[in-house]
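One letter stands for each residue in the lines below.
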Amino acid sequence: MRILGIETSCDETSASIIEAKKGNKTVTLVSNIISSSVKLHAKTGGIIPENAAREQIKYILPVIKQALSPIFSSRLTSHFPSSPSIDAIAVTYGPGLIGSLLVGVETAKTLSYVFKKPIVPVNHLLGHIYANWINPVIPNSFRDLPHDEKEMLNQEVQHDKIEFPAVALLVSGGHTDLILMKAHGSIKWLGGTRDDAAGEALDKIGRLLGLSYPAGPIIEQLAKNGNLKAYKFPRPMIGTNDFDFSFSGLKTAVLQEVSGIKYQVLRKKIPDIAASVQQAICDVLIRKTIKAAKKYKPKSILLGGGVVANEELKRQLILNTKYELPDTEIFFPKKFLCTDNAAMIATAAFFNYKPAPVNKITANPELYFD
Ligand code: KG4
Ligand code: ZN
């Protein structure tokens, strides 16, 4: 079957087509179009929700049209209704910014109603985890290979080895959660952040350092030239007997370090601060993920969310689990599928295929794990 996915929960407008047969263990990407208003938000140092939604209104139809172009050569309206090529529509219905979600949800409902296609509402958080089932994915079998790590991280493998139970670490701009998956559709939330998400902390710290939005990828680049031991930033809740996180103290610690410093002086310290902050976040995420894996003994650890684009996080997690959890495989999506995209939404719909009546689907900004 072919599923058209639509994702507009935050600042991206994305449409994608995935393809898979019943019983398949992975899906194939046919198209994945992403239009981002990130440049607009870089100017304001963060997302202004109304600006994001206004951009999405402009781009939603062109983006869908482009995503459909590999299977329809011409106009959306003349081909969509009669063609059997699209079997269902999947759309993010939460969590996210209400104005942004509404753009995707109402567009998907209209297409579903007019063209009589089933519609599957998808939880954005689950979508991030489902990016792991999209070909190409990168397996962790390279733990056995003594090759250069970079080469291994770039390896592309058609992969269908994800086995349950799985522990999933979702780490994005809005969420940091640990989840236990016993099967597709069987989800148990283990814990999450009590304040800022890891990506949110990176973005807020970036703002303190005068970096552009989103700061996560910039901090990763700056950290390459910094000393990760230069600052002893706190590792909040690293040793607590639960699966919760807290990152707002880290932001406060950086604020104390930089307040009152002239920019000329601060500029020279930024790489060291970036490396030390990144390490503090990696340490906490890795420790808590290993703790969950030791308790639930999963066959797989799945990573998902924008912060998983960070190579250092993946490298260190793989290195640590190699000794502590030798029987657990680690999976993470290809870098371009870590941040928001519609392919992950369509994939989640394929593996949890539950169409809903159009009039029952509403955007839910506060949606969490069911
Ligand atoms: O999953 P995502 O695209 O959107 C949400 O659902 O929140 O995640 C965006 C977050 C931002 O906070 C951004 O700074 C962070 O992911 N991020 C990174 C990297 N790329 C994006 N954080 C660390 N290293 C990166 N390379
Ligand atoms: Zn996201």
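Residues numbered from 1 in each chain as written. Chains lettered and ligands numbered in written order. Predicted model: local features only at pLDDT ≥ 70, side-chain atom pairs only at ≥ 80, totals over all residues. Heavy atoms only, no water.

Some details on the pattern of salt bridges
With the rule as written, the count across this model stands at 17 salt bridges. Of the charged contacts, one joins Lys 204 and Asp 196 as a salt bridge, the two residues approaching to 3.2 Å between their closest N and O atoms. The exposure class assigned to Lys 204 is partly exposed, which follows from its relative accessible area of 31%. Take Asp 196: its relative accessible area is 7%, and that puts it in the buried class. Beyond isolated ion pairs, a larger network of salt bridges with shared partners links Arg 194, Asp 242, Asp 244 and Lys 288. (Salt bridge = Lys/Arg side-chain N within 4 Å of Asp/Glu carboxyl O. Buried < 20%, exposed > 50% of the residue type's maximum accessible area, 1.4 Å probe, protein only.)

Remarks on empty space enclosed by the protein
Counting across every chain of the model gives 1 cavity of 30 Å³ or more. Computed from the structure, the largest cavity encloses a volume of approximately 50 Å³. Lining the largest cavity we find Leu 202, Gly 216, Gln 278, Ile 281, Cys 282, Leu 285, Val 307, Asn 310 and Leu 313. With 4 residues, the single largest contributor to the lining of the largest cavity is helix α10 (residues 263-296). A per-class count over the lining of the largest cavity returns 6 nonpolar, 3 polar and no charged. (1 Å grid on protein atoms, 1.4 Å probe; cavity = no way out; pocket = protein on both sides within 12 Å on 5 of 7 lines; lining within 4 Å. Points joined across faces, edges and corners; volume = space filled by probe spheres on them. Helix = DSSP H or I, 4+ residues; strand = E, 2+ residues; numbered from the N terminus. Nonpolar A, V, L, I, M, F, W, Y, C, P; charged D, E, K, R; others polar.)

Describing the domain arrangement of the protein
With domains assigned, the protein is organised as domain 1 (2-130 + 338-360) and domain 2 (137-333). Listed by partner, the interface residues are 20 residues for domain 1 and 21 residues for domain 2. When domain 1 packs against domain 2, close to 1600 Å² is buried across both sides, 71% of that on carbon and sulfur atoms. By the criterion of area lost to domain 2, the three top residues of domain 1 are His 128, Ile 129 and Cys 338, representing 36% of everything that side buries. On inspection of domain 1 and its partner domain 2, the count reaches 0 salt bridges. The tally of links between domain 1 and domain 2 comes to 3 residue pairs in polar contact (both at pLDDT 80 or more). Element by element, the count of residues in the side of domain 1 that touches domain 2 is highest for helix α5 (residues 124-130), at 5 residues. Classifying every residue of the side of domain 1 that touches domain 2 by side-chain character gives 10 nonpolar, 8 polar and 2 charged. (Domains from an automatic or database assignment. Contact = heavy atoms within 4.5 Å. Buried area = accessible area lost by both parts, 1.4 Å probe. Polar contact = N/O pair within 3.5 Å; in protein donor to acceptor, adjacent residues only side chain to side chain.)

Describing the coordination of the zinc ion (ligand 2)
For the zinc ion (ligand 2), the full set of protein donor atoms is His 124 (NE2), His 128 (NE2) and Asp 340 (OD), and the range of their distances to it is 2.0 to 2.1 Å. Of note is the zinc ion (ligand 2), whose 4 donor atoms meet at the metal with angles of 94 to 134 degrees in an arrangement that counts as tetrahedral. If you list the donors of the zinc ion (ligand 2) from N- to C-terminus, the spacing comes out as H-x3-H-x211-D. Highlighted residues: His 128 in helix α5 and Asp 340 in the loop between β12 (329-333) and α12 (343-351), separated in sequence by 212 residues. (Donors = N, O, S within 2.8 Å, 3.2 Å for Na, K, Ca; no water. Tetrahedral: all angles 85-135°; square planar, octahedral: opposite > 155°, others 65-115°.)

Concerning the packing of aromatic side chains
Evaluated as defined, the whole model comprises 10 aromatic pairs. Both rings, one in Phe 243 and one in Tyr 296, keep their centres 6.1 Å apart while their planes meet at 50 degrees; by these two values the pair is tilted. You can see Phe 243 sitting in the loop between α8 (216-223) and α9 (248-258) and its partner Tyr 296 sitting in helix α10, a full 53 residues away along the chain. What links up through ring pairs into an aromatic cluster is the set Tyr 130, Trp 133, Phe 164, Phe 350 and Phe 351. (Phe/Tyr/Trp six-rings, centres within 6.5 Å; stacked < 30°, edge-to-face > 60°.)

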